[in-house]
Structures are given as structure tokens and as C-alpha cells.
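Geometric and topological summary
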Amino acid sequence: MMSELEEDSLKLPVLDLTQPDNIESSFLSSLLKACQEWGFFYVTNHGIPINLFTKIREFSNHIFSLGSDTKLKLGPSSRLKTYTPHFIASPYFESLRVSGPDFFDSSKASIDELFGQHKPEFSEILQEYGNHMMKLSKRIIEIILKSLGTDYEKKFLDSEFGNCHGYMRIVNYTPPSNVKENQVEGLGMHTDMSCITIVFQDELGGLQMRSKDGKWLNIHPCKNSLVVNIGDLMQAWSNGRLRSSEHRVVLRRSQNRFSLAFFWCFEDEKEVIAPNEILGNGNPRLYRPFVCLKYIKFRESNEVGNFEKIGYTVKDFAGLNV
Ligand SMILES: O=C(O)CCC(=O)C(=O)O
Ligand SMILES: [Fe+2]
């Protein structure tokens, strides 16, 4: 069950879901350690058909090769606001957002607007992918809860995470032509607002996380595996036992980079507060309770054109000075 990948000096555990109900306790403790220290790990044998990634990648090429006027029909000042154009997150980043639970409808609205006609095959694929990712997210949280304490998945999975929702971002990175001389940031340092994020990155790599002592470490692409990272909501809910790490994307080659990020989040109206069992005896609360949507609004209002900028994380929003 347990396997580990050498990542420069960074060793991230690989959660193998071949038998999700039968995970060794030694693996659970290495998973918990990774979530505390790095906030990142890999998941493999996750059951997502490979051809879904291939098809979404094809779809992504199709969308992002459209003219910018067409794409801006979904831009920040449009009705749907599902497209993030270049020069918002970075000059080299553009993305399309598809929201659950009805991934079919959400993508259909964008596609109809872009192409002026129905392309149900794309929406079907995105719905299938979204359904897989919703289930996968729940399985991963179940295992993370198990790693935090005996029977915690029984106590907390449905009661705390039963109403989580998800959305995906399909991302196209277009590096500048002189990228070979100087690597550039495709996406600047940020933390995710999710409970967990599950990322497919293509073979070019470039995802990096920041260690507690401020070093940038590569999260290499790993065949047939997805990258999982802890987001801000989970950091607050776990009273800081799980780390929402700063990360970024660097571009080193003059080739476009494709990634697909799935964000699994608490429902907007949920009050995020670490349960007493998670807190443990005598430990101070590190975060005041807050309503999930209020944090998301706080982040959005501080982004000022710079999506997910650091300096306004959950610590700045709800951290208690203890
Ligand atoms: O493109 C990637 O590999 C990661 C993207 C990311 O960190 C994000 O969208 O939050
Ligand atoms: Fe991220």
C-alpha cells in the first residue's frame, strides 16, 4: 500500500486507492505528516479514466485557441464570468471555470455563448469528470479524517463535509517566447480557498510549493497520479493541524501548459469552526469561527486584479493572536 516518491529533497506520500477501505495505519501517519508539513501528496489508482483527461485537454485547446474577443464573451465583465483572461492572474494564464453540482449546465452555458451552438459532447465529458472528482474528493477527505483520529471519518464526514460543493478550472498557460533564458511565473504564489484541491498537471510540470522555511520545491508530474493539496478552509477547520501551503506555477519551456484543478469547498453558509475533538485538550483556538462565504468575499475584495494573491489568507482573515 505504501510507496513514496523522491522529490529532490521532498518526499511526498502516494495515496493508493486500490483498496480505499484497507489503508495501513503506518501509511495514515505518513499521510498526516505530509499534510502537516507540506500540505501536498499524490493520489493514484483514483479510478478516473485516462481518456477523460485527454478529452478535456482537446476541449481546452479548442476553447483557448478561439480569438480573445470571443473568449471575452465569458470574461470578468460578462454575464457568466467563467473566463479569466490573460493579465488577471498573470500575463501567461487564462482559465475557464465550470461549477458543480450541474457541471453539464454550467459548461453548456459557457459553450453556447462561445460557439453559438450546442456541443453536448463537451458538457457530457465535463459532467462525468465533475462527478468523478466529487466522489474522489469525499474519499480523500474520509482518509484524511481517519488519519486525524480514530473514527473521525464516522463523526465528521457526513456531519461536516456532507454539503461540500466543487468547481473546476481548466487552465492554459502561454509562456513568452524568451522563457528559455529566464523562467517566468505562470501563476504567482497563493493558497487555495478550498477544503482540498485536486490537480492534474501535464508532463511539463512547473507546480511548486513553498516549504515552511521559504524554499520552493518542485511537485513533479507523476504518471497516472493526481496532486492533492490542503486548502485554507481545511487549515482553519483543523485548527492548523493541516497546512494550506503557498504554491505557484513556473514556466520553463516555450510550450503551452495545460492543467485542470478541482476545488472542493464547504457550502457558502457553513460556519467553519474546529470541533473540540480536532482541537484536543488544552490547545488554543487559532481561528475565530467564520462563515465560509464571508472568507471567499474577503479574498475576492482583496484580489484587486490579482487572483488569489497572498497576504490575505485565512490567517489574516480569522487568525487569533495566541
Ligand atoms: O496549474 C496548476 O498546476 C496549479 C493551479 C493552481 O494552483 C490553482 O489554480 O489554484
Ligand atoms: Fe492553487
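The following refers to the structure shown. (Residues numbered from 1 in each chain as written. Chains lettered and ligands numbered in written order. Predicted model: local features only at pLDDT ≥ 70, side-chain atom pairs only at ≥ 80, totals over all residues. Heavy atoms only, no water.)

1. With respect to the pattern of salt bridges
We apply this condition: Take a side-chain nitrogen of Lys or Arg and a carboxyl oxygen of Asp or Glu: if they are within 4 Å of each other, that pair is a salt bridge. Every helix listed is a DSSP run of H or I at least four residues long, and every strand listed is a run of E at least two residues long, numbered separately from the N terminus.
This structure, assessed with the given rule, holds 13 salt bridges. A salt bridge links Glu 203 to Arg 57; the nearest nitrogen and oxygen atoms lie 3.0 Å apart. One end of the pair, Glu 203, is in the loop between strand 8 (196-201) and strand 9 (207-210); the other, Arg 57, is in helix 2 (residues 50-64), and 146 residues separate them in sequence. A salt bridge links Asp 158 to Lys 138, with the nearest nitrogen and oxygen atoms 3.2 Å apart. Placement of Asp 158 in helix 6 (residues 152-161) and of Lys 138 in helix 5 (residues 120-148) is noted, with a sequence separation of 20 residues between them. One salt-bridge network, in which partners are shared between bridges, spans Arg 57, Asp 202 and Glu 203.

2. Some remarks on the site of ligand 1
Note the threshold: Only a single heavy atom is needed: when it lies within 4 Å of a molecule or strand, its residue is near that molecule or strand. Pairs of N or O atoms are called polar contacts if they sit within 3.5 Å, as long as, within protein, a hydrogen donor faces a hydrogen acceptor (for residues adjacent in sequence, only side-chain-to-side-chain pairs). Using the Shrake-Rupley algorithm and a 1.4 Å probe, accessible areas are obtained, with residue cover drawn only from the displayed protein chains.
Taken together, the neighbourhood of ligand 1 is formed by twelve residues, with Tyr 173, His 190, Asp 192, Arg 257 and Ser 259 sitting nearest. Taking His 190, its side chain carries an N or O atom lying 3.0 Å from an oxygen atom of ligand 1. At 3.1 Å, a side-chain N or O of Asp 192 approaches an oxygen atom of ligand 1. Here ligand 1 has 290 Å² of accessible area as a free molecule, and 100% of this is covered by the chains. Elements that contribute at least two residues to the shell around ligand 1 include exactly strand 7 (184-190), strand 12 (247-251) and strand 13 (257-265). Ranked by the residues each element gives to the shell around ligand 1, the list is headed by strand 13, at three residues.

3. Brief notes about the coordination of the iron ion (ligand 2)
Which entries qualify depends on this criterion: Because no water is among the atoms considered, metal sites can look incomplete, with donors defined as N, O and S atoms within 2.8 Å of the metal, or 3.2 Å for Na, K and Ca. When a residue's accessible area, from a 1.4 Å probe over protein chains only, is under 20% of the maximum for its type it is buried; when over 50% it is exposed; and in between it is partly exposed.
Taken together, the protein ligands of the iron ion (ligand 2) are His 190 (NE2), Asp 192 (OD) and His 247 (NE2), with distances of 2.1 to 2.2 Å. Mapped onto the sequence, the residues coordinating the iron ion (ligand 2) show the spacing H-x1-D-x54-H. With Asp 192 in the loop between strand 7 and strand 8 and His 247 in strand 12, this pair connects stretches of sequence that are 55 residues apart. Relative accessible area serves as the criterion here: at 2%, Asp 192 is assigned to the buried category.

4. So, unusual backbone geometry
The peptide bond linking Gly 100 to Pro 101 adopts the cis configuration, its omega dihedral lying at 0°. With respect to the element layout, Pro 101 can be found in the loop between strand 5 (93-99) and helix 4 (103-115). Positive phi values are uncommon outside glycine, yet Asp 151 reaches one of about 65°. In this fold, Asp 151 is placed in the loop between helix 5 and helix 6. Phi is positive for Asn 224, close to 65°, though the residue is something other than glycine. Structurally, Asn 224 can be placed in the loop between strand 10 (216-218) and strand 11 (225-230).

5. A short note on the pairing of strand 9
To keep it simple, the criterion reads: In this scheme, strands are said to pair when DSSP sees at least two bridges between them.
When strand 9 meets strand 12, the two strands line up antiparallel, connected through three bridges. Bridge assignment links Met 209 to a residue of strand 12, and that residue is His 247. Sheet topology note: the strand 9/strand 10 ladder contains three bridges and is antiparallel. Note that in strand 10 the partner of Met 209 across the bridge is Leu 217. Connecting strand 9 to the next strand, strand 10, in antiparallel fashion are five residues, including Gly 214 with a positive phi near 85°.

6. A short note on the packing of helix 5 against helix 6
We count it as follows: Axis lines are fitted to C-alpha atoms, over the contacting stretch for helices. Their N-to-C directions set the angle, which ranges from 0 to 180 degrees. Geometric relationships in this document are graded by angle, where less than 35 degrees denotes roughly parallel, more than 145 denotes roughly antiparallel, 65 to 115 denotes roughly perpendicular, and other angles denote oblique. When the near helix sits turned anticlockwise from the far one by under a right angle, the crossing is termed left-handed; a clockwise turn instead gives a right-handed crossing. Between two residues, a contact is recorded if the distance between any of their heavy atoms is within 4.5 Å.
Two elements in contact, helix 5 and helix 6, have axes whose closest approach is 8 Å; the angle formed by their N-to-C orientations is 135°. As far as their axial angle goes, helix 6 and helix 5 are oblique. The handedness of the crossing between helix 5 and helix 6 is right-handed. In this structure, helix 5 contributes Lys 138, Ile 141, Glu 142, Leu 145, Lys 146 and Leu 148 to the contact, and helix 6 contributes Tyr 152, Glu 153, Phe 156, Leu 157, Asp 158 and Phe 161.

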